[in-house]
Amino acid sequence: MTNRFLLNPFFLDQPVPGLEPLAEDDWLVNRVELPESTLQTRMSAIHRPFARMVSETLRRKERPVAIVGDCCAALPMAAGLEHAGVDPVLIWLDAHGDFNTWDTTPSGFLGGMPLAMLVGRGDDTLMNELTVSRIPEEQVVLTDARDLDPGERQLLAASSVRHLDDATLLLSDELPPGPVWVHFDVDILDPEDAPAVHYPAAGGLRATQLDPIFRTLAQQREIVAVSVSTWSPQLDPEGQTRELCMGLVDRLLGSA
């Protein structure tokens with residue numbers, strides 16, 4: 001399958017300095033003029049065209065590989081997949097659970113809620129704006145989520161989301177059948193390997209551990225989409241984290 005790289009250069013509703021220059025000539029870039037409005041209205045203005053970009057890519061029989069500024073961009077990714085008739089298993093790799101709701105969040109940070117939104121928990125405003133269905137919890141695998149808020153941890157434990165606290169279990173655990181969408185937040189990596197992230201969490205996978213996981217997924221599963229919640233270009237002036245993470249994406253795509 002031909003890969004088509006897409007770039008959504010926003011963190012929630014704000015442009016990310018240094019992300020757009022990453023795009024190569026054949027990448028598709030979501031460029032949006034944003035209204036003066038509320039956070040979620042502005043985010044929806046970003047998400048709707050990005051969802052169309054994803055669905056059109058799939059209809060061209062290309063695989064969308066989305067480089068995005070935050071994990072909330074997974075919502076339009078899900079919408080684009082659904083609108084193109086693709087119903088994938090979601091493997092979500094992240095240092096955090098992204099499973100908070102307004103009832104559990106200690107910070108009120110919307111970026112800590114997208115996985116909960118995708119499975120139909122908590123605030124449904126952004127999902128409704130995209131006319132996207134919830135993903136059944138049984139089709140979601142979360143790993144490693146080593147940094148969870150207390151209420152978030154309880155909500156996740158009471159759900160049917162499969163939580164693998166050790167990502168290497170992806171090599172042996174029996175995953176749900178079907179095509180796979182992989183969402184890769186680079187902060188799953190140990191900060192010693194990938195320091196250029198805004199919300200580092202101590203510990204985590206070393207790149208040498210994630211490499212064989214991605215190679216195995218590429219060999220054994222039909223990967224129909226990839227989304228990468230990226231590093232911070234402002235914290236990565238030498239490009240070391242970018243080079244490491246894009247190399248891992250190549251492994252996942254079977255390109256290296």
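Keep in mind it's a predicted model, so treat the numbers as computed, not measured.

Observations concerning helix α1 (residues 39–59)
Here's step 1: The terminal C-alpha atoms of α1, which comprises 21 residues, lie 31 Å apart, in line with the 30 Å expected from a rise of 1.5 Å per residue.
Here's step 2: In terms of burial, α1 is largely enclosed, as 15 of its 21 residues are buried.
Here's step 3: Just beyond α1, the residue with positive phi is K61, at close to 65°.

Let's talk about the packing of aromatic side chains
Here's step 1: Counted by the stated rule, this structure contains four aromatic pairs.
Here's step 2: Look at F5 and W27: their rings are 5.0 Å apart centre to centre, the planes differ by 10°, and that puts the pair in the stacked class. Placement of F5 in strand β1 (residues 2–8) and of W27 in the loop between β3 (14–15) and β4 (28–29) is noted, with a sequence separation of 22 residues between them. With respect to burial, F5 and W27 carry one shared label: buried.
Here's step 3: Ring geometry for F184 versus F214: centroids 5.3 Å apart, planes at 85°, classification edge-to-face. Linking F184 in strand β9 (residues 180–185) with F214 in helix α6 (residues 207–220), this pair joins segments that are 30 residues apart in sequence. In terms of burial, F184 and F214 fall into one category: buried.
Here's step 4: Connected via pairs of aromatic rings, a cluster forms that spans F11, F109 and Y199.

Conventions used here
- Residues numbered from 1 in each chain as written.
- Predicted model: local features only at pLDDT ≥ 70, side-chain atom pairs only at ≥ 80, totals over all residues.
- Heavy atoms only, no water.
- Helix = DSSP H or I, 4+ residues; strand = E, 2+ residues; numbered from the N terminus.
- Expected span 1.5 Å × (residues − 1).
- Buried < 20%, exposed > 50% of the residue type's maximum accessible area, 1.4 Å probe, protein only.
- Phe/Tyr/Trp six-rings, centres within 6.5 Å; stacked < 30°, edge-to-face > 60°.

Geometric descriptors of this kind do not, in isolation, establish any biological role.
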